[in-house]
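Chains, contacts and geometry: an overview
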Amino acid sequence: MADFPRFLSIQLARLISADQIFASPGPVFLPFYHLVSNRSLEHIRNYPYRTEKTFEQELDYILKYFTPVSLEELFEYPHPDKKVFHLSFDDGLRECAEVIAPLLMRKGIPATFFVNTGFVDNKALFHRYKASLILERLINFPDAQAEQLLRINGFTRKNLLQAPISKIDILDEAAEMMEIDFPGFLEKEHPYMTTAEVKDLHKKGFTIGGHSHEHPEFVSLKTRQQFKQVEKSMEWVAKHIHPKIKAFSFPFTDDGVSEKLLNKMKKEQVCDITFGTAGLKHDAFEGHFQRVPMEQNQRIDALLKGEFLYYKLRKMIGKATVKH
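Right, let's walk through the structure included here.

So, the overall build of the protein
- Along the backbone of the protein there are 13 helices and 12 strands.
- With the C-alpha coordinates aligned to their principal axes, the bounding extent of the protein is approximately 55 × 45 × 40 Å.
- Evaluated residue by residue, the protein yields a buried proportion of 51% over its 324 residues.
- In the protein, the share of contacts with a sequence separation of at least 24, taken over all contacts with a separation of at least 6, comes to 74%.
- Summed over its atoms, the accessible surface of the protein is roughly 15,800 Å², and 51% of this surface lies on carbon and sulfur atoms.
- Taken together, the 44 basic and 43 acidic charged side chains of the protein have centroids lying 5 Å from each other.

Observations concerning the packing of aromatic side chains
- Here the structure, examined in full by the defined rule, presents 21 aromatic pairs.
- A ring pair is formed by Phe 66 and Phe 308, whose centres lie 5.6 Å apart and whose planes are at 40°; its orientation type is tilted. Of this pair, Phe 66 sits in the loop between α3 (52–65) and β2 (67–68) while Phe 308 sits in helix α13 (residues 300–316), placing them 242 residues apart in sequence. By the burial criterion, Phe 66 is buried, and Phe 308 matches it.
- The structure contains a cluster of three or more aromatic residues connected by ring pairs, namely Phe 22, Phe 29, Tyr 61, Tyr 65, Phe 66 and Phe 308.
- In this structure, Lys 264 is placed above the aromatic ring of Phe 227, and the distance from its NZ or CZ to the ring centre is 4.6 Å.

Details of the layout of surface pockets
- Its volume calculated, the largest pocket comes out at about 470 Å³.
- Residue classes in the lining of the largest pocket are distributed as seven nonpolar, six polar and four charged.

Some words on a nonpolar patch on the surface
- A cluster of nonpolar side chains, Leu 8, Leu 12, Leu 15, Leu 313, Met 316 and Ile 317, forms an exposed patch at the surface whose accessible area comes to about 630 Å².
- The set of elements that each furnish at least two residues to the nonpolar patch consists of α1 (4–13) and α13.
- With respect to the element layout, Leu 313 can be found in helix α13.
- A residue is classified by how much of its surface remains accessible, and Leu 313, at 34% relative accessible area, is partly exposed.

Reading guide: rules and limits
Here the residue numbering is sequential within each chain, running from 1 through the sequence in written order. Confidence filtering applies because this is a predicted model: local features only for residues at pLDDT of at least 70, side-chain atom pairs given and counted only at 80 or more, and all residues used for totals across whole chains, interfaces and linings. Note that water and hydrogens are dropped before the side-chain values are worked out from all heavy atoms of the structure. Only DSSP runs of H or I with at least four residues qualify as helices, and only runs of E with at least two residues qualify as strands; both kinds are numbered from the N terminus onward. Each residue gets one of three labels from its accessible area relative to the maximum for its type: buried under 20%, exposed over 50%, partly exposed in between, using a 1.4 Å probe on protein chains only. We call two residues in contact whenever any of their non-hydrogen atoms come within 4.5 Å of each other. Surface exposure here means Shrake-Rupley accessible area, sampled with a 1.4 Å probe, where a residue is shielded only by the protein chains that are shown. Within this scheme the basic residues Lys and Arg register as positive and the acidic residues Asp and Glu register as negative, but His and the chain ends are omitted. Charge coordinates come from a single atom per side chain, which is NZ of Lys, CZ of Arg, CG of Asp or CD of Glu. Stacked, edge-to-face and tilted are the three classes for Phe, Tyr and Trp ring pairs, Trp counted by its six-membered ring, which pair at centre distances within 6.5 Å; planes under 30 degrees apart are stacked, over 60 edge-to-face, the rest tilted. A positively charged side chain is recorded as over a ring if its NZ (Lys) or CZ (Arg) lies within 6 Å of the ring centre. The angle to the ring normal must also be within 35 degrees. Only protein atoms enter the 1 Å grid used here. Points where a 1.4 Å probe fits but cannot escape make up a cavity, open sets with protein on both sides within 12 Å along at least five of seven lines make up a pocket, and a residue lines them when an atom lies within 4 Å of a point. Grid points are joined across faces, edges and corners, and a volume is the space filled by probe spheres set on the points. Only Asp, Glu, Lys and Arg are considered charged in this grouping, and only Ala, Val, Leu, Ile, Met, Phe, Trp, Tyr, Cys and Pro are considered nonpolar; every other residue, Gly among them, is considered polar. Patch membership needs two things, relative accessible area over 30% and no salt bridge, and members are linked within 9 Å if like-charged or within 5 Å if nonpolar (Val, Leu, Ile, Met, Phe, Trp, Tyr). We count a salt bridge whenever a side-chain nitrogen from Lys or Arg sits within 4 Å of a carboxyl oxygen from Asp or Glu.

Set out below in structure tokens:
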């Protein structure tokens, strides 16, 4: 098993109370999601997103043990001496405005929404969502020609959802063979927020950050290309939002993100605060934080207790800090 230590932590955590596990100090808890929906979304087979009921139950569990703080509070007090959390959402999907924001406002929970600026106003579709639509069609209406094209390029139904952005032309070609109309899908379904909706979230008190322009895998890009993705994304945020704090979350993961890039972003004042997705860990670079992916096939209590116990075990062997 690739992550057996984490799996073991989740099993051991069942024997320990939440009060005990969450009691000792550690890195600030930064949970993140993508969307919440009661509908089955064929373009998102990539992760187990929550229904409204489950999402609210998870929020109530988190609120039982942690106090919500704004991005501004996190920026001012990056090492709090109390149990706090800051919630965030990636990709800028329409459900952020339609479902998530109203619930957070009702509960008084601040949050940051990180948007892929190339997708705002439904101008383009994330390559992994394209893969999801293709897979959905293949399952329901098998197409031998399209599957052959994908197979020649190293893809089967099992790994199609991991297709990188470098293979987007192959995805587009397969979609054309299967008569999948991506522009038509964007126009009909409106999977992303509009500029007006993003601005409205900001007016309601939420913070807005960048999440790259096209959501590429940063590990496959050169430092110059990585910086361009960050810069282009943050230019859009600056133009439309004028945020007090310039925040950026790396798409997928910050694996492959060097200290050189982080220093360049800081030196050129592109960002004030940045985020990765390595789980509950410290980060060696000041102003860069690691978030906890919440869309996993685990109950909220098992997920959080396991994550915090895993951190404690890693800390004991000096492996609880991410270095770039």
